[in-house]
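Take a look at the letters that make up each chain.
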Amino acid sequence: MDRVKTGIPSLDDLLGGGFPRGATILLSGDSGTGKTIFCMQYLYMGAAKWQEPGIMVTFEERPQDLRRECLQFGWDLAPLEAARKLAIVDVTSTRSGAPSREQYVAPKDMSVEALITTVYQIGKDINAS
């Protein structure tokens, strides 16, 4: 089975080499359990080490806050975004009605269908699989 490395130490070994390619993975947990860090490490390592573009859809944190927090781990997202290896979709601003200067912003109607269409189009634009 073809696997996708997570870039998370020991997890790839535990998973037999990573996630099955094409699998849908649900990550759930209470607030503060590390879901965002897990996802950002996966996306960062995929983009930085394996040239695998990825998309982060953020519902709770503003993208600029997410970028700042990732720097604490040595993950500079800005060059990956500039190289179109990482896209951050700002849903937070749309939900709150605040203006956003982000390249990728959730549609104003905030329907699930519109958000899925937006993410799908971004995936095509940056060649994320």
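In case you missed it, the structure is sitting above this.
The model shown is predicted, which means the values in this text are computed figures rather than measured ones. (Residues numbered from 1 in each chain as written. Predicted model: local features only at pLDDT ≥ 70, side-chain atom pairs only at ≥ 80, totals over all residues. Heavy atoms only, no water.)

1. Some details on the pairing of strand β3 (residues 54–58)
We apply this condition: The buried label applies to any residue whose accessible area, calculated with a 1.4 Å probe on protein chains only, is under 20% of its type's maximum; exposed applies above 50%, and partly exposed to all values in between. Strands here are runs of E lasting at least two residues and helices are runs of H or I lasting at least four, both read from the DSSP assignment and numbered beginning at the N terminus. Here the rule is simple: two strands pair whenever DSSP picks up at least two bridges between them.
Residues G54, M56 and T58 line the buried face of β3, whereas the alternating positions I55 and V57 sit on a face that is not buried. Of the pairings in the sheet, the one linking β3 to strand β4 (residues 86–90) comprises five bridges and is parallel in character. Directly across from I55, in β4, lies its bridge partner A87.

2. Focus on the pattern of salt bridges
Rules: In what follows, salt bridge is the name for a side-chain nitrogen of Lys or Arg lying within 4 Å of a carboxyl oxygen of Asp or Glu.
Taken as a whole and judged by the stated rule, the model has six salt bridges. Two residues, R67 and E81, come together in a salt bridge whose shortest N-O distance is 2.7 Å. Residue R67 is found in helix α3 (residues 63–71), and its partner E81 is found in helix α4 (residues 77–82); the two are separated by 14 residues along the sequence.

3. Quick look at the packing of aromatic side chains
Selection rule: Only Phe, Tyr and Trp rings take part, Trp by its six-membered ring, and two of them pair if their centres are within 6.5 Å. Stacked means planes under 30 degrees apart, edge-to-face means over 60, and tilted covers everything else.
Per the stated rule, a full pass over the model turns up four aromatic pairs. On the numbers, 5.5 Å between centres and 70° between planes, the contact of F19 with Y42 is edge-to-face. A residue pair is termed long-range when its members are at least 10 positions apart, and F19 in strand β2 (residues 19–20) and Y42 in helix α2 (residues 35–50) qualify at 23 residues. With 4.7 Å between their ring centres and 25° between their planes, F73 and W75 make a pair best called stacked. By way of ring pairs, the aromatic residues F19, F38 and Y42 are connected into one cluster.

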